[in-house]
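The residues making up each chain are set out below.
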Amino acid sequence: MVQKWQHWNNASAKWLWILVIIGMVASLPIAYNRIETESTSKQVEFVLNYRDLITVASYQPHPQDYIREQLQLMKNAGIGSVALYQSNLSELQSSGRLHVYSSADVANFQNQVIPLNDNFTYVQFTSKENEQTLRPVLERVFSSLSIPVSSWSYQGLPGVVIQTSTDDAGLKPLDPDPVAMKMMYDMGFQIVPRLNDALPYNQQMMSALMDQFSAYGVKTILFDGASVTGFNDDIEKKSITAFAELLKKHHIAIAAIENLKKPQDGFSKLAYLNDYNVVRLYSLSQGDSQLDPITVADRFVLASKDRNIRMMYLNLAVSRDTTKAAMTNSIDNIIQSLQAKGHAMQDIQKNGFTIAPAEARDVSTFPMERVVKLIVLIGAVAAISLLVHYFARKWALTVFALGLIGSAGLIVIHKSLLLEQGVALLAAISIPTIAMIYAVRKVDQLYDTRHTLTVGNRVVQSVLLFLRTSLWSLTGALFIIGLLDDITYQLVINQFRGVSLLHFAPIALTALYIAFYRGNQGFGFSGIRKLLTRPITLTWVIVLGIVGIVGMYYLSRTGNAGTVSPLELQFRNALEGLFNVRPRNKEFLMAHPLFIVGVFIAAKYRQAIYILIIASIGQLSMVDTFAHIHSPVLISLSRGLLGMGLGLVLGLVAIVIWQFIERCWRKWLPNLFKS
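Worth saying up front: this structure is predicted, and the values here are computed from it rather than measured.

Participant: So what about the nonpolar core? Which residues, and what values?
Facilitator: Counting 87 residues, the largest nonpolar core has Val-20, Val-423, Phe-479, Phe-496, Phe-595, Ile-609 and Leu-612 as the members making the most contacts within it. Among the elements that make up this core, the one with the highest residue count is helix α18 (residues 416-448) (16 residues). Excluding residues that lie within four positions of it along the chain, Val-423 makes contacts with Leu-377, Ala-380, Val-381, Ile-384, Ser-407 and Leu-483.

The structure is reproduced here in structure tokens:
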């Protein structure tokens, strides 16, 4: 029985390869559906933070006139939407709607004794029109909190008394400023309310508010704070479910903010209950709004094209400039980024988008999709088992069987998220690693025939091997696409975790194979002893030094914490302008050229094959690009193919340089010994 199992293990590579290829083919209709889904949302919306505009206006001599003037300038620049927070007494006072006083303030300007046991909030409306609009809001909100509200007037202007302190009253969120909402609507702006979860959820009040939003044509709601509206009361009141019903009734989407440190609590559940009527939002911070207009414009263009973001949220900065002895703000800077200097609007439209209210994607599906995805899953498990075959052949079928059993178990206990992410990650590691293993084997074959190879033959073989290996590695992306096809990954509601392992595992496995598994070697004490007892030469020192430098550079650039110099940023922008797609620098500037020149050198000098360890970075990087699932498939594919093309050119240049160095070395070496 043991002998039969061993025989099956030895013959398993062929059948595993067949299953891998079938899985890849099965992923193609899923990839097509994803491309179709990504093509359905083509409207980009620019949203102004109105609260920041109020802050900027508060430093102007005529705030109301200034607000209207700047709103018109922004509308002319292409900003079609305004975000309105849930207001509070302080904001309404800054907007000139009302004045807020304490009991002590009222007693002082009425020449009365300050009351000892009354600490109330006195609100005086600045006009009867503001009273008619805002008084019902104040009465409804504070009454719902069991805080009495009564009438009050002073010098002919109406007001109310709220029986709580000014500090407490100022913390209570109200409805978005109804006066501002009407003004925005009359000016032709799309309104994007920002709701919070500070007060107890009240379905009746929320229903009335949603009716008001619907009357003003609201299409999207953005949440303010750490949670969505209704999260804090969801266990007791099922408030998220109730809120989702209102959203669906009024056909209102919700916005997912990019790059939050922590997702807003309850967002995933609300998105699911709202049938994933979700749009992604990029928020330009106050600090970033003061950057060079061209830099700001590039962020908008890349967000829409490369990250499938459809809402651009504009925060405004205001600061004291002592050199100009004036208050400055970033309004003009943002307008320049959109129009004359940055041309963001123009560039976004060139990429096939229209400037209009954002819309959620229409998810494309097809019959038998679950069955097809199951075939992809089996192919991915086969790819993982195939990698095991090349390192521990006797365990290949065991891993395959355990993989299928484990997958079935996770499906039964409804842990499909864990299953698809784990299998997709391991398959994405396996394919480029297997491609590198075959490349190493081919280089060894070339070295064995080195005496019959001309320089031209070595160049051709290097180029062909690079193309074959790279295209082979790219196919690993099919398992990421096929297994992680859910809309939640595209909206970054669920994230593909463990990708950091993809950054290093293929490199380590390639190094392991080169060191211990080439030729007749096997991983054992003899191979380790042979490596450790090998004399250290100058070549080894140089190679290890290069590996160390490249490794440090790679670590500094991997992940979101990687830094980019201003010169490199300009280089990136130049590539973007030239090709409309920016390839990864580590691929075409480093890894791909090293692969080509490494194969060329290793075909003559055996130890140069260790260069392929560094070159494996390019192979895993192409697959890693597709792990950014929020990026369009076609953009990721274009980046990979463009990186291959540019890397090929630079690789050929590197071969020419190497030939020059090698000839100079041969010519000058005898003279060095003579001297």
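Participant: I'd like a rundown of the pairing of strand β2 (residues 81-85), residues and numbers included.
Facilitator: The side chains of a regular strand alternate between the sheet's two faces. With five of five residues buried, β2 lies mostly within the body of the structure. Here β2 shows a buried face lined by Ser-81, Ala-83 and Tyr-85 and a second buried face lined by Val-82 and Leu-84. Summarising the sheet, strand β1 (residues 43-49) and β2 pair through three bridges and their orientation is parallel. Across the sheet, Asn-49 pairs through a bridge with Ala-83, a residue of β2.

Participant: Account for helix α27 (residues 611-627), naming residues and giving values.
Facilitator: For α27, built from 17 residues, the straight-helix expectation of 24 Å at 1.5 Å per residue is met to within 8% by its first-to-last C-alpha distance of 26 Å. Taken as a whole, α27 carries its principal kink of about 30° at Ser-621. For α27, the tally of buried residues reaches 16 of 17 residues, placing the bulk of the element in the interior.

Participant: Break down the pattern of salt bridges for me, citing the residues and quoting the values.
Facilitator: Scanning all chains against the criterion turns up 21 salt bridges. Between Glu-91 and Arg-51 there is a salt bridge, with its nearest N and O atoms 2.8 Å apart. Placement of Glu-91 in helix α4 (residues 89-94) and of Arg-51 in helix α2 (residues 50-57) is noted, with a sequence separation of 40 residues between them. Given the relative accessible area of 10%, Glu-91 is considered buried. A residue is classified by how much of its surface remains accessible, and Arg-51, at 27% relative accessible area, is partly exposed. When the shortest N-O distance is used, the salt bridge between Asp-444 and Arg-606 registers 3.8 Å. Of this pair, Asp-444 sits in helix α18 while Arg-606 is found in the loop between α26 (585-602) and α27, placing the two residues 162 residues apart along the sequence.

Participant: Break down the packing of aromatic side chains for me, with residues and values.
Facilitator: Going through the model one piece at a time under the given rule, you end up with 18 aromatic pairs. Measuring from ring centre to ring centre gives 5.3 Å for Phe-46 and Phe-300, while their planes differ by 90°; the resulting arrangement is edge-to-face. Placement of the pair is Phe-46 in strand β1 and Phe-300 in helix α13 (residues 293-306), with a sequence separation of 254 residues. On the basis of relative accessible area, Phe-46 is assigned to the buried category, the value being 1%. Taking relative accessible area as the criterion, Phe-300 reaches 0% and is therefore assigned buried. A connected cluster of aromatic rings, assembled from ring pairs, spans Tyr-101, Phe-109, Tyr-122, Trp-152 and Tyr-154. The ring of Phe-189 has Lys-75 sitting right over it, with the charged end atom 5.2 Å from the ring centre. When the ring centre of Tyr-447 is taken as reference, the NZ or CZ atom of Arg-450 above it lies at 3.9 Å.

Participant: Kindly report on the environment of Tyr-101, identifying the contributing residues and their values.
Facilitator: Turning to its location among the elements, Tyr-101 is positioned in strand β3 (residues 98-102). In this structure, the C-alpha to C-alpha distance between Tyr-101 and Tyr-122, residues 21 residues apart in sequence, is 5.0 Å. The residues touching Tyr-101, leaving out its near neighbours within four places in the chain, are Val-106, Phe-109, Phe-120, Thr-121, Tyr-122, Gln-124, Trp-152 and Thr-166.

Participant: Give a detailed account of the packing of α13 against helix α14 (residues 331-338), specifying residues and quantitative values.
Facilitator: The contact between α13 and α14 brings their axes to 8 Å, and the two run at 60°. Taken together, α13 and α14 sit at an angle that is classed as oblique. Crossing geometry of α13 relative to α14 is assigned as right-handed. Mapping the contact onto sequence places Pro-293, Val-296, Ala-297 and Phe-300 in α13 and Asn-333, Gln-336, Ser-337 and Leu-338 in α14. For the contact of α13 with α14, the per-class residue count stands at five nonpolar, three polar and no charged.

Participant: A description of the side chain of Ser-430 should follow, citing residues and the corresponding values.
Facilitator: Structurally, Ser-430 is set in helix α18. A relative accessible area of 1% places Ser-430 in the buried class.

Participant: I'd like a rundown of empty space enclosed by the protein, residues and numbers included.
Facilitator: Think of a ball as big as a water molecule: rolled over the atoms, this probe shows where empty space is left. Applying the stated criterion across every chain, the model contains three cavities of 30 Å³ or more. The volume enclosed by the largest cavity comes to roughly 70 Å³. In terms of lining, the largest cavity is formed by Ser-41, Val-278, Val-279, Arg-280, Asn-308, Arg-310, Glu-359, Ala-360, Arg-361 and Leu-491. Broken down by class, the residue content of the lining of the largest cavity amounts to four nonpolar, two polar and four charged.

Participant: Tell me about the sheet that holds strand β5 (residues 149-154), residues and numbers included.
Facilitator: Strand-to-strand pairing in sheets goes through backbone hydrogen bonds, with the strands running parallel or antiparallel. Across the sheet, which stays open at both edges, the four strands sit in the order β3-β4-β6-β5 with antiparallel pairing between neighbours. Two strands bound the open sheet, and with one partner strand each, they are β3 and β5. Adjacent strand axes in the sheet meet at a mean angle of 30° when their direction is disregarded. Two strands pair when backbone bridges link them, and β5 and strand β6 (residues 157-162) are joined in this way by six bridges, in the antiparallel orientation. Along β6, the bridge assignment pairs Ser-150 with Val-161. Sitting on the sheet, helix α6 (residues 128-144) touches β3, β4 (121-125), β5 and β6, and the angle it makes with β4 is about 155°.

Each value, and the rule that gives it
Residues numbered from 1 in each chain as written. Predicted model: local features only at pLDDT ≥ 70, side-chain atom pairs only at ≥ 80, totals over all residues. Heavy atoms only, no water. Core = buried A, V, L, I, M, F, W, Y, C linked by side-chain atoms within 4.5 Å. Buried < 20%, exposed > 50% of the residue type's maximum accessible area, 1.4 Å probe, protein only. Helix = DSSP H or I, 4+ residues; strand = E, 2+ residues; numbered from the N terminus. Contact = heavy atoms within 4.5 Å. Pairing = 2+ DSSP bridges. Expected span 1.5 Å × (residues − 1). Bend = angle between axes of the 7 residues up to and from the residue. Salt bridge = Lys/Arg side-chain N within 4 Å of Asp/Glu carboxyl O. Phe/Tyr/Trp six-rings, centres within 6.5 Å; stacked < 30°, edge-to-face > 60°. Lys NZ or Arg CZ within 6 Å of the ring centre and 35° of its normal. Axes fitted to C-alpha atoms, helices over the stretch in contact; angles between N-to-C directions. Parallel < 35°, antiparallel > 145°, perpendicular 65-115°, else oblique. Left-handed = near helix turned anticlockwise from the far one by under 90°. Nonpolar A, V, L, I, M, F, W, Y, C, P; charged D, E, K, R; others polar. 1 Å grid on protein atoms, 1.4 Å probe; cavity = no way out; pocket = protein on both sides within 12 Å on 5 of 7 lines; lining within 4 Å. Points joined across faces, edges and corners; volume = space filled by probe spheres on them.

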